[in-house]
Every structure is written in structure tokens, then in C-alpha cells.
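# Architecture and fold: a report
Listed below, chain by chain, are the residues.
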Amino acid sequence: MAIDENKLQELMGRMLGDVGAAMGTALVLLGDKFGYYKTLATEGPMTSAELASKTGTVERYVREWAAGQAAAGYINYDAGSGRFSMSPEQALLLADENGPAFFPGMFEIAAAAIRDEPKVANAFQHGGGVGWHEHDACLFRGTERFFRPGYAMHLVSEWIPALDGVREKLERGARVADVGCGHGASVILMAKAFPKSKFFGFDYHQPSIDRARERAREAGVSDRATFERATAKDYPGTYDLVAFFDCLHDMGDPVGAAAHVKSSLARDGTWMLVEPFANERLEDNLNPIGRVFYAASTTICVPGSLSQEVGLGLGTQAGESRLREVLKAGGFTRVRRATATPFNLVLEARP
Ligand SMILES: C[S@@+](CC[C@H](N)C(=O)[O-])C[C@H]1O[C@@H](n2cnc3c(N)ncnc32)[C@H](O)[C@@H]1O
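For clarity, every value in this text was computed on a predicted model and none was experimentally measured. (Residues numbered from 1 in each chain as written. Predicted model: local features only at pLDDT ≥ 70, side-chain atom pairs only at ≥ 80, totals over all residues. Heavy atoms only, no water.)

## Observations regarding the sheet that holds strand 8 (residues 334-340)
- One open sheet accounts for 7 strands, arranged 5-4-3-6-7-9-8; its pairing is mixed. Looking at the sheet topology across the chains shown, the edges are occupied by strand 5 (225-229) and strand 8. The average undirected angle you get between the axes of adjacent strands in this sheet is 20°.
- Alignment of strand 4 (residues 198-203) against strand 5, held across 5 bridges, turns out to be parallel. Bridged to Phe 200 within strand 5 is Thr 226. (Pairing = 2+ DSSP bridges. Helix = DSSP H or I, 4+ residues; strand = E, 2+ residues; numbered from the N terminus. Axes fitted to C-alpha atoms, helices over the stretch in contact; angles between N-to-C directions.)

Here it is as C-alpha cells:
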């Protein structure tokens, strides 16, 4: 087969960029850990010596890190002064933890995918799965830090109002379960917005429950937000709203979970299901977002699902029709797409 030189050059160029990004994962983790981005964003421009001194780290390493990050375009270098700095756009993505688009959390998730590859490789060969709890802890922290900004932007202002009559119930005072709640970011946002309601976070992963309790205390909402270890098929109580954020596809038995949600809803209750956005057909997901989601799905979500009972392995890119089939099999007859963002599908399901 003849090699097309132009196609080869184009693909090599892309792969070089990808290898640079993959190698750079460690650099982003370091920049985040030692506060290099935050220091440059708030106090830059500065030399590597000044950055090292402000952060109490070793100059020779900081100099190499800064050169690599300037080559990536994540920070800027001024050859005249020998100083490094960050533009407002770079700062927004790398230094603003509470902003709308903070990326270091996603790099922590990428780091978990690389660190845990041997466990996943074993499952590829011998079957079985890798439970959420078996991953490097940077996955749990990265998930909270990456997902929280999107929830802060959309959950209270767009997603809840898109559900039929739910905002009014929460304003009056309702009972809400957040299942697969992780570190509780979504629970805390809702508890702050709706002080008359009671929120119950459930997750099968005890360290996440411990962290969620801590975060709720820090946020001053412990009086109305409590957290308990439970699975999606055995959490207790009856609720006006049950919410699942980015976790149904991680479960081995999403149909069983759906059936349990149905039995836990109060009369006229609602299930809000938030899942990663996906088009219906594989060929329509071959884009940068699909690339990230399929990679996470291969290394984290499918192994997680295959580690649990049933092991359905929905994957992050199941698509709306497949999700509707799961909800229907669990006993939900009225399902509608409430809203969507480029990253999330929000479904409203009622029995
Ligand atoms: C991708 S994380 C999402 C966490 C959180 N909802 C968020 O959006 O930040 C998936 C979560 O589902 C939880 N999980 C997986 N299987 C579960 C099950 N069968 N029952 C309850 N929680 C489960 C994991 O422990 C993990 O915290």
C-alpha cells in the first residue's frame, strides 16, 4: 500500500501534539500542586527564580517546568525580560478553581487512567472489571474538581428549572436524594440554593462519603445535607426528587437501579438523570469530546460497570435511546429530554 506523504505528515503532526499533551499531564499536576499557575496568574510576570522563591520549590526544576509549559502555550515567556506570565484566558482555564472551566481536574482524571492502566489491561485479558474504589485517589478528587464548575453553571439556574414543577417544590421544602454523589458537589450546590429542602447523598464509596461530609461542613450546609454509604439499589427513604449525576453508566445494573429509584419516589416524584452528552451513533461521536469520553469510558466507566453485578457496561457514550430503554426496563414510562449542554444530557423520568 502506497503511503500518502501529506496524510502521514498530518497524522504525525497530530500525534506529536498528543504525545506532548500526554507528557505534559505530569507538568499540569505539578503546576496545580505547587500553585505555579495561581502564583503566575495573580503575581506574574516573574522569572523562574522568583516563582521558585514564592512557592518554596527548587529553581532548577521550576525553570524546566516553565519552559515546558511555555512550549505548550499554557503560560507565556518574554525573552527580553526572561519572565513568565499568564493571559486572562490561560488563568481562567488553569488557575481559577471556582471559575466556569477549570481543567486541572480533568488532568487528574487522565493521570488516574495512566496510573491504573495495568489493572484495566488485566480486565481486557481476563474479563471482570476495575471498581471505582480501586482507582488512584486522584480520580475522585479530579472528578469533583472538573465536574463542579459545570454543575455550578447549569444545575440550579438551568437544569432544575427545566424539570416540570421541581423548582417550586424545592423552594417550598422537599426531600432530595443524590445517588452516586461522589464528593457531594451537586448536593452542596442544591442545598445552598434551596435551604428549606433536605438533601441525602448516597454513594457506595466510603472515602467519597467521608469527603462529602467534610465539604458540606465547610460549606455550612450540614444541617440540611447528610451523606450515607449505600448503593443505587439499596439506598433508603422516599423522595420528591432523585438525582443521578454522571454515574448511571458506571453502575453494573442500571436497570435494577432504575427500578429502585421508582420504588423510592414519592407520589408525583421526579428522577433527574444527568449523563455525559452523546449522539446516537458511534460515527457521530468521533470528535474531541467523544474522544475524551470514550477514553474515560474504556479506562474507568466500563471497567467500573463490569466490576459490579449484571455488568451491563453501558459506557459513557450510550446515547439517549439506549438510556431510554434502560429507564423503560426499570419501570419509567414518561421520559423526556429536559435540556442538554455540549457535555451533558439531562433527562426527566417519571413512573
Ligand atoms: C463519575 S463519578 C460521579 C460522582 C458525582 N455524582 C459527580 O458528578 O461528581 C461516579 C460515582 O458513582 C459511584 N457509584 C458507582 N457505582 C455505584 C453504585 N452501584 N451505587 C452507588 N454509587 C455508585 C462511584 O462511587 C462514583 O462516586
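## Observations concerning the domain arrangement of the protein
- Taken domain by domain, the protein consists of domain 1 (16-96) and domain 2 (105-350).
- For domain 1 versus domain 2, the distance between C-alpha centres works out to 33 Å.
- Each side of the interface is counted separately: domain 1 has 6 residues, and domain 2 has 8 residues.
- For the pairing of domain 1 and domain 2, the buried interface totals around 590 Å² over both sides, and the portion due to carbon and sulfur atoms is 59%.
- In this assembly, domain 1 and domain 2 are joined by 3 salt bridges.
- Among the salt bridges present, the one from Arg 291 reaches Asp 18, with a minimum N-O distance of 2.7 Å.
- The interface formed by domain 1 and domain 2 holds 2 residue pairs in polar contact (both at pLDDT 80 or more) in total. (Domains from an automatic or database assignment. Contact = heavy atoms within 4.5 Å. Buried area = accessible area lost by both parts, 1.4 Å probe. Salt bridge = Lys/Arg side-chain N within 4 Å of Asp/Glu carboxyl O. Polar contact = N/O pair within 3.5 Å; in protein donor to acceptor, adjacent residues only side chain to side chain.)

## Comments concerning the nonpolar core
- Core analysis: the biggest nonpolar cluster contains 57 residues, and Phe 245 and Met 272 have the highest contact counts within it.
- Counting residues per element, this core draws most heavily on helix 8 (residues 138-159), which supplies 7 residues.
- Viewed by domain, this core spans two of them, domain 1 (16-96) and domain 2 (105-350), each represented by three or more residues.
- Beyond its immediate chain neighbours, meaning those up to four positions away, Phe 245 contacts Tyr 151, Leu 155, Trp 159, Asp 178, Val 179, Gly 180, Ser 186, Met 190, Met 272 and Val 274.
- Counting residues in hydrophobic clusters, the runner-up holds 29 residues, among them Ala 230, Leu 248, Val 261 and Val 326. (Core = buried A, V, L, I, M, F, W, Y, C linked by side-chain atoms within 4.5 Å. Buried < 20%, exposed > 50% of the residue type's maximum accessible area, 1.4 Å probe, protein only.)

## Let's talk about the pattern of salt bridges
- This model, assessed by the stated rule, comprises 31 salt bridges.
- A salt bridge links Arg 145 to Glu 97; its shortest N-O distance comes to 2.8 Å. Here Glu 97 lies in the loop between helix 5 (88-94) and helix 6 (104-115) and Arg 145 lies in helix 8, a separation of 48 residues in the sequence.
- Accessibility expressed as a relative area gives 5% for Arg 145, which makes it buried.
- Residue Glu 218 is joined to Arg 211 by a salt bridge in which the shortest nitrogen-to-oxygen separation is 3.9 Å.
- On the accessibility criterion, Glu 218 (55% relative accessible area) is exposed.
- By sharing partners, the salt bridges in this structure join Asp 32, Lys 38, Glu 97, Glu 108, Arg 141 and Arg 145 into a single network.

## Describing empty space enclosed by the protein
- Overall, the coordinates contain 1 cavity of 30 Å³ or more when judged by the stated rule.
- Gly 31, Asp 32, Gly 35, Tyr 37, Lys 38 and Leu 94 together form the lining of the largest cavity.
- Listing elements by their share of the lining of the largest cavity, those giving two or more residues are helix 1 (5-33) and helix 2 (36-43).
- Per-class residue counts for the lining of the largest cavity are 2 nonpolar, 2 polar and 2 charged. (1 Å grid on protein atoms, 1.4 Å probe; cavity = no way out; pocket = protein on both sides within 12 Å on 5 of 7 lines; lining within 4 Å. Points joined across faces, edges and corners; volume = space filled by probe spheres on them. Nonpolar A, V, L, I, M, F, W, Y, C, P; charged D, E, K, R; others polar.)

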